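The lines below spell out each chain.
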Amino acid sequence: MTMISAHRYLIILTCVAAMMSAPLRSPGATAARPNILIIFADDLGFSDLGCFGGEISTPNLDRLAADGVRLTQFYNTARCCPSRASLLTGLHPHQAGIGNMVDEYARKVREQLASPAYADRLSVQTPTIAEVLRASGYRTGMTGKWHLGYERPHWPADRGFERSFTVLEGAMNYFGHGMQHTGKIVKAPMALNDQPFTPPREGFFSTDAFTDFAVNYIGDQRGSTQPFFFYLAFNAPHWPLHAPAEDIARYRGKYRDGWDVIRTRRHQRLIDLGLIDARSEMAPRPETMPAWETIPAPQKDDWDLRMSIYAAMIDRLDRGVGRVLASLRAIGAERDTLVIFLSDNGGAPESPRRSLPGATLGLASPSKVTGSAARM
Ligand SMILES: [Ca+2]
């Protein structure tokens, strides 16, 4: 795609008003220089969160919204790479060299355009927010999805982040090992600071690993005389559909009412919450999607499974946010930290169908065969 259109999306801002009156200064931050925490989701739908009308359990983000500001006229640039380029530079994505995606599949477009506005990494002519804040005395760190350059010297460690733990590409197997988005069974494309990182074979789930890194980073700021900037870029709920089995089980069956009913409920809740005008009409169902009532029962069950995995991924992300916010409280920084939550674009229309033969949809282990997996 060569055109980047602006899409309305969600953002939650929490800048605690008591910052000026807090009796104790928290680590690093001052009234004039708060800590900054940006929490970024990937391919999150507009109405997925509870505070935006969704049925998925997101109590931590809901609390953030209740204590802060929900913006309803916020714009992103509709795809992973350009939105990240704009977020980190404050510029139009073309000015930062990311007019299109950095991935191999966009190479032909980049070569045809032959312009510095269409590069395979963030422009070195453009400072990142991390570079600017670091130069002005902030500590800087990030974890999660980078997607602004696969090779050094274009990693987060090269672009102003003193500490980083990232997936460098646009997607990964959430369990680390197994089939990647390339369709090959290789290790996840990850980095820890300036070194490649190989996830452990057992006990790894990327949402939790990124949360752990953020919690540890914030914990290390206790007693610091410098404010910090931390960028927590969850890869959830971007495909592949992966979640721990116990999380999927909590949502299994909740989507059997189907997309026609569920989106009508979400639309009504958005009206009830005052986030959209009561006179607004819901967009027509895309022509490619049939009416739910015409779907055969086995396929309904398959769609319910897919949506239950997607919901579980967001549920897990929200619990990660809860742990990160608790870590701010633990070091006494909650009242001196600007927290911004947003997503790079809306729900993905893509339908990646790669899966290990016989794999259970949603899980890394191919230990159980289901009909759902065969179709996916
Ligand atoms: Ca995205």
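A quick note: this is a predicted structure, and the numbers were derived from the prediction, not measured.

Draft legend 1. Region of the structure containing the overall build of the protein. Scanning the protein from N- to C-terminus turns up 9 helices and 9 strands. Counting every position in the protein, which comprises 376 residues, the buried fraction comes to 47%. Counted over contacts in the protein with a minimum sequence separation of 6, partners at least 24 positions apart contribute 72%.

Draft legend 2. Focus on the pairing of strand 8 (residues 228-233). Among the 6 residues in strand 8, 6 count as buried, and that is most of the element. Because side chains alternate across strand 8, one face comprises the buried residues Phe228, Phe230 and Leu232, and the other comprises Phe229, Tyr231 and Ala233, equally buried. Where strand 2 (residues 35-41) lies against strand 8, 5 bridges are found, and the strand directions are parallel. Note on strand 8: the bridge partner recorded for Leu37 is Phe230.

Draft legend 3. A look at helix 7 (residues 258-272). Taking 1.5 Å of rise per residue, the 15 residues of helix 7 would be expected to cover 21 Å, and the 21 Å separating its terminal C-alpha atoms lies within 8% of that figure. In the stretch just after helix 7, Gly274 is the one whose phi turns positive, near 80°.

Draft legend 4. Here's a closer look at the nonpolar core. Ala214, Phe230, Leu232, Phe234, Ile309, Met313 and Ile314 are the most contacted members of the largest nonpolar core, which has 81 residues in total. For this core, the element with the highest residue contribution is helix 8 (residues 297-330), accounting for 13 residues. Those residues within four positions of Ala214 in sequence are excluded, and the remaining contacts are Thr143, Phe230, Leu232 and Val324.

Draft legend 5. Examining the packing of helix 1 (residues 59-67) against helix 8 more closely. Interhelical geometry of helix 1 versus helix 8 gives an angle of 55° and a closest axis separation of 7 Å. Viewed along their axes, helix 1 and helix 8 adopt a mutual orientation that is oblique. Residues Pro59, Asn60 and Leu61 of helix 1 lie in contact with helix 8, whose contacting residues are Asp318, Arg319, Val321, Gly322 and Leu325. Taken together, the residues of the contact of helix 1 with helix 8 sort by class into 4 nonpolar, 2 polar and 2 charged.

Each value, and the rule that gives it
Residues numbered from 1 in each chain as written. Predicted model: local features only at pLDDT ≥ 70, side-chain atom pairs only at ≥ 80, totals over all residues. Helix = DSSP H or I, 4+ residues; strand = E, 2+ residues; numbered from the N terminus. Buried ≥ 20, exposed ≤ 12 C-beta atoms within 10 Å, placed from the backbone. Contact = placed C-beta atoms within 7 Å. Pairing = 2+ DSSP bridges. Expected span 1.5 Å × (residues − 1). Core = buried A, V, L, I, M, F, W, Y, C linked by C-beta atoms within 7 Å. Axes fitted to C-alpha atoms, helices over the stretch in contact; angles between N-to-C directions. Parallel < 35°, antiparallel > 145°, perpendicular 65-115°, else oblique. Nonpolar A, V, L, I, M, F, W, Y, C, P; charged D, E, K, R; others polar.

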